[in-house]
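Descriptive analysis of the structure
Here's the letter readout for the chains.
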Amino acid sequence: QVQLVESGGGLVQAGGSLRLSCAVAGRTNSMYTMAWFRQAPGKEREFVTSIHWSTGNTYYAESVKGRFTTSSDNAKNTMYLQMNSLKPEDTAVYYCALRRTVLSSYDSWGQGTQVTVSS
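A brief structural summary. (Residues numbered from 1 in each chain as written. Predicted model: local features only at pLDDT ≥ 70, side-chain atom pairs only at ≥ 80, totals over all residues. Heavy atoms only, no water.)

Here we look at the state of the cysteines
- Within the structure shown, the criterion is met by 1 disulfide.
- Paired by a disulfide, Cys22 and Cys96 hold their sulfur atoms 2.1 Å apart. Looking along the S-S bond of the Cys22-Cys96 disulfide, the torsion reads about 60 degrees, which is the right-handed sense. Residue Cys22 is found in strand β3 (residues 18-26), and its partner Cys96 is found in strand β9 (residues 92-99); the two are separated by 74 residues along the sequence. (Disulfide = S-S within 2.5 Å. Helix = DSSP H or I, 4+ residues; strand = E, 2+ residues; numbered from the N terminus.)

Structure representation (structure tokens):
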């Protein structure tokens, strides 16, 4: 069993910053990539960014490139999302997810943390 716990969401004005954390507990012997997804009201869940656990390689959705940075502390089994220059359209529930192997999908999810950006 693996548990993912997000923290760090909140309310911020447009142009502000927030830092999200995702701590992984339980069986962490197999971690391939971790990712952040988000879901805004009335919209489908969308990919935001991912990080390869071993290499640290990162990938970003076009909508957040240059504003968001994902990183990890492997010793703490924790992933971070630094969000700068936030826009109202970044308002969503942010979820972290774990993909254990190259052959698996993102099959472990956190409970989500709300990010609200006011204009």
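On we go.
A closer look at unusual backbone geometry
- The phi dihedral of Asn77 falls on the positive side, at around 50 degrees, and the residue is not glycine.
- Looking at the secondary structure, you find Asn77 in the loop between β7 (68-73) and β8 (78-83).

Some points on the environment of Tyr95
- Mapped onto the elements of the fold, Tyr95 is located in strand β9.
- Sequence separation of Tyr95 and Gln1 is 94 residues, and the distance between their C-alpha atoms is 18 Å.
- Filtering out sequence-adjacent residues up to four positions away, Tyr95 remains in contact with Glu6, Ala35, Trp36, Phe37, Gln39, Arg45, Trp109, Gly110, Gln111 and Gly112. (Contact = heavy atoms within 4.5 Å.)

Thoughts on the environment of Gly16
- Summarising the element assignment, Gly16 is placed in the loop between β2 (10-13) and β3.
- Placed 71 residues apart in sequence, Gly16 and Lys87 show a C-alpha to C-alpha distance of 8.3 Å.
- Not counting the four nearest positions on each side in its chain, Gly16 is found in contact with Met83, Asn84, Ser85 and Leu86.

Structural notes on the nonpolar core
- Formed by 27 residues in total, the largest nonpolar core has its most connected members in Leu4, Met34, Trp36, Phe68, Met79, Met83 and Tyr94.
- For this core, the secondary-structure elements that each account for two or more residues are β1 (2-7), β3, β4 (33-39), β5 (46-52), β8, β9 and β11 (113-118).
- The residues touching Leu4, leaving out its near neighbours within four places in the chain, are Cys22, Ala23, Val24, Met34, Cys96, Ala97, Leu98, Ser108, Trp109, Gly110 and Gln111. (Core = buried A, V, L, I, M, F, W, Y, C linked by side-chain atoms within 4.5 Å. Buried < 20%, exposed > 50% of the residue type's maximum accessible area, 1.4 Å probe, protein only.)

Side note on the packing of aromatic side chains
- The final tally for this structure, using the stated rule, is 3 aromatic pairs.
- Each ring, one from Phe37 and one from Phe47, has its centre 5.8 Å from the other, and the planes form 80 degrees; the classification is edge-to-face. Of this pair, Phe37 sits in strand β4 while Phe47 sits in strand β5, and the two are 10 residues apart along the sequence.
- Ring geometry for Phe37 against Trp109: centres 4.9 Å apart, planes inclined by 50 degrees, an arrangement best described as tilted. Placement of Phe37 in strand β4 and of Trp109 in strand β10 (residues 106-109) is noted, with a sequence separation of 72 residues between them.
- Classification of Trp109 by relative accessible area gives partly exposed; the value is 33%. (Phe/Tyr/Trp six-rings, centres within 6.5 Å; stacked < 30°, edge-to-face > 60°.)

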